[in-house]
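# Breakdown of the fold
Residue-level listing of the chains:
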Amino acid sequence: MKVLKFGGTSMANSDHIQKVVSVLLNQSTTDSLLVVVSAMSGVTDHLLKMAVMAASADESYTKEAELLALQHLTAVRELLPLEQQSSVLSKVKQYCNELEELLDGVYRLKELSARTQDKIVAFGEIISSVILSAKTQSLQMNQQWIDSRSLIITDTQHGNAAVDFSATNEKIQTYFKSHDYKYYIAPGFIASSLAGYTTTLGRGGSDYSAAIYAAALDAEVLEIWTDVSGMMTADPRLVINAKPIAQISYQEAMELSHFGAKIIYPPTIQPVMHKRIPVWLKNTFAPEEHGTLIENYSAASADFIRGISSINSISLLSLEGSGMVGIPGFSKRLFEALANEKINVILITQSSSEHSICVAINESDTLKAKRAIDAAFHIEIISGKVEPLIVETNLSILALVGEQMKSHPGISGKMFGSLGRNGINVRAIAQGSSEKNISAVIASRDVKKAINVLHETFFETTYKQLNIFVAGAGNVGGKLLEQIRQQQTILRDQLHVQIRVIGIANSKKALIDENGIDLDVWQSRLADAPLSSIENYFAIIKDKNLRNSVFVDVTASDVVAGVYESLLTKSISIVACNKIACSSSYPSYQRLKSLAKSYNALFLFETNVGAGLPVIGTLNDLLRSGDQIQKIQAVLSGTLNYVFNHYDTSIPFAEVVRKAQAEGYTEPDPRLDLGGTDVMRKIMILARETGQPLEMQDIINTSFLPSSCFDGTVDDFYEELAKQEAHFQQLYKEAATKNGKLKFIATYENGTAKVGLETVAPESDFYHLYGKDNLVLFHTHRYHQQPLVIKGAGAGAEVTASGVFADIIRVARI
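Residues numbered from 1 in each chain as written. Predicted model: local features only at pLDDT ≥ 70, side-chain atom pairs only at ≥ 80, totals over all residues. Heavy atoms only, no water.

### A short note on the pattern of salt bridges
Formally: The term salt bridge refers to a pairing of a side-chain nitrogen on Lys or Arg with a carboxyl oxygen on Asp or Glu at a separation within 4 Å.
Scanning all chains against the criterion turns up 29 salt bridges. Three or more residues are tied together by salt bridges with common partners; here these are K448, E514 and K544.

Here is the structure:
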């Protein structure tokens, strides 16, 4: 004997019922089959709705009843040949008339008892099973319809009746010994009391019905047919890369179903588990797929975690107080108070100091639970021995399930480490001694992010996914997006990193696509995107709450830099090309560094100093390895180096600067470069990275620009440069007379920083520095005879974008 159960979606309409019949016909010809079915999809809810409407004296329940009748009669007409329809239509109409009479009674009495409600909702399974029975009969399949109410006996707890297994097993076994059919069709969900009143087994009880039959008959297998191909490693609605689970143990399936895996009803497994009857979860609409086989043992697998599940709408109740320590009976009184109110406790955790005990319950029971606990501990609360009950809502329970976890140390650390790195706060933790389940209570808003984080950690060993939000779509931003586009496949194949650009924003528009923006067409999509403020863009980033989120700032905006703090507190890593944040006040700089550390995020700004050159990274490597910085000398402005390498008095100084700006080497306002402000920021950032609390006003700036150049607009600046040509020629001639060159050099030594134009001799490291190159010399305790030298292009969109890109990859490697 095999028992097959078909759910509501499998029975939803005539087309689906045809597929059910196909499944039955494709089963082995030697096995007898007991087929248990649910009501058509949505019908149970429809019946409950009509019952409530009738009890509320809402006459429109009659129209709903007509629609329900039409739904079932239509299925009969579509499934059966015309000559075989009459008797079945009459039977369905008879059931519908009985239903209407019941509803009419409820309407007249304006009262809906639990017993009457059970009788009403039972019609869903009864009618659907009768229709399937008629269809198999029309195909001359050797079948018999069974009324489950005559075989499954329960108590009188209507709505969620408890099965009398002794009486039930005897009735089932007696019936099947005296009958010999190939197919038996039975309604699930319904049963009856010893007095003959209709009862139901709770929502999802059709699975339970099938398990009861399977256990009583020592069935070969219980197959549960639904609209999905078995259990998945996570909810596929939340995790795109969720994988099917081919085999799982009873215990693992129980844990997953308890914590929200809705494909099976939690009590289902219990009857078959005791008999060690396999349960096979299959897909009616893809019967060729393997599905999930649930057996007594967990097969050895590299994936020792079987699945991740969650329960939403949870409240956490915490009872705390010094009066609890060492006093027996507090836990007993707490659970008695909840049990008396029929409140189910989902999770329990207690500190070893006995100072507090915490339980998780369904959010709908919160007020009832608080009243019961406050009453139970009224005296202790008034006397101060126990604090008033702490209630936290909008929570969810996250469960990591796997029978083989007990033989793999470090699972908890890996789980909580992954959650912590993504800024997911854990409110409570529970783990049984069997180590089949590690549960954590988290904020409901973090559930999707948390499940994706854990799924990536335990199941997606092939690559790590970064979700990138870019602010700034200009020259550098465009080059960065192009570099990401070119390298996506290489990064995935060689570094196992998948970079998805989720958002791109400029000063006027924001493009968001949670599935990832196609970087072949980002310009046109951004142009077509709706108008959006940069503030709204930040709000969307935080609201999306995606795992491994990285915010990339390639603007020069103080507004954008001002949002770093709020992003870091959401554990969103920041890659900044923008120098404003790191060159703001030292306390602000330190706070950003501290927040990044506190919230397990990265704050990276390599391009703040040397574009694509590894200046900050090298400095930090020296310091972390124990070296001591004695002096830093550097040409840190690609702009100024370009200008003085190209100025020989044959072309006016103003024209050389214009050319540098045209080629993208200067800031939008070139005075930031030529006035030394940009170099001051850079040497200050390097000094701060060594631990020196330097501010801009602490830096000595020997400016070579006449003060008049700083007045007015950028156009005014260029006019003044032209007027001051003699000044610039004089600077050049003085250096040439000494056989030297002009270089704008930044120096940090003994806690002091200075910047200024200097004449360097031919033997200087800075003499042979051409084009827009930068040069940094680190004089350290270890590099005291010859400094450590970093040299290369220090300006340009391409190299700056590559430096930003390198920081993004660093985020992926943590």
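We are not done yet, so read on.
### A word on the sheet that holds strand β7 (residues 198–200)
Rules: Whether two strands pair depends on DSSP finding at least two bridges between them. Runs of H or I in DSSP of at least four residues are treated as helices and runs of E of at least two as strands, each being numbered from the N terminus. Every residue pair with non-hydrogen atoms within 4.5 Å of one another is taken to be in contact. To get an axis, a line is fitted to the C-alpha atoms, and for a helix only the part in contact is used. The angle between two axes follows their N-to-C directions and goes from 0 to 180 degrees.
The 3 strands are arranged β4-β6-β7 in an open sheet whose pairing can be described as mixed. The strands lining the two open edges of the sheet, one partner per strand, are β4 (153–154) and β7. Looking at chain direction, strand β6 (residues 190–193) and β7 are connected through 3 bridges and run antiparallel. Paired with I190 across the strands is T200, a residue of β7. Against the sheet, helix α5 (residues 114–138) contacts β6 and β7, and its axis sits at roughly 75° relative to β7.

### Brief notes about the pairing of strand β22 (residues 573–576)
Spelled out, the test is: The rule is simple: take the accessible area with a 1.4 Å probe, protein chains only, and divide by the maximum for that residue type; under 20% is buried, over 50% is exposed, in between is partly exposed. If you view a crossover with the strands going away from you and the path from the first strand over the helix to the second runs clockwise, you call it right-handed.
What you see with β22 is no split at all: S573 and V575 on one side and I574 and A576 on the other are buried throughout. Where β22 and strand β23 (residues 603–604) come together, 2 bridges link them in parallel fashion. Bridge pairing links V575 to L604 in β23. The handedness of the β22 to β23 crossover, carried by helix α20 (residues 586–598), is right-handed.

### Quick word on the sheet that holds strand β29 (residues 788–793)
What the 6 strands build is an open sheet, ordered β25-β27-β26-β24-β28-β29; its pairing is mixed. The strands lining the two open edges of the sheet, one partner per strand, are β25 (700–702) and β29. Going from strand to strand, the sheet's axes swing by 20° on average, the running direction of each strand aside. Sheet topology places strand β28 (residues 773–780) next to β29; 6 bridges connect them, and they run antiparallel. What sits directly across from F778, in β29, is L788. The strands touched by helix α23 (residues 638–646) within the sheet are β24 (629–635), β26 (741–749), β27 (752–760) and β28, with β26 carrying the most contacts at an inclination of about 155°.

### Details of unusual backbone geometry
Residue Q140 is not a glycine yet carries a positive backbone phi of 60°. Within the secondary structure, Q140 sits in the loop between α5 and β3 (143–145). In the Ramachandran plot, F189 falls in the positive-phi region, its phi being about 75° despite a non-glycine side chain. Residue position: F189 is located in the loop between β5 (183–187) and β6.

Keep in mind these values describe shape, not function.
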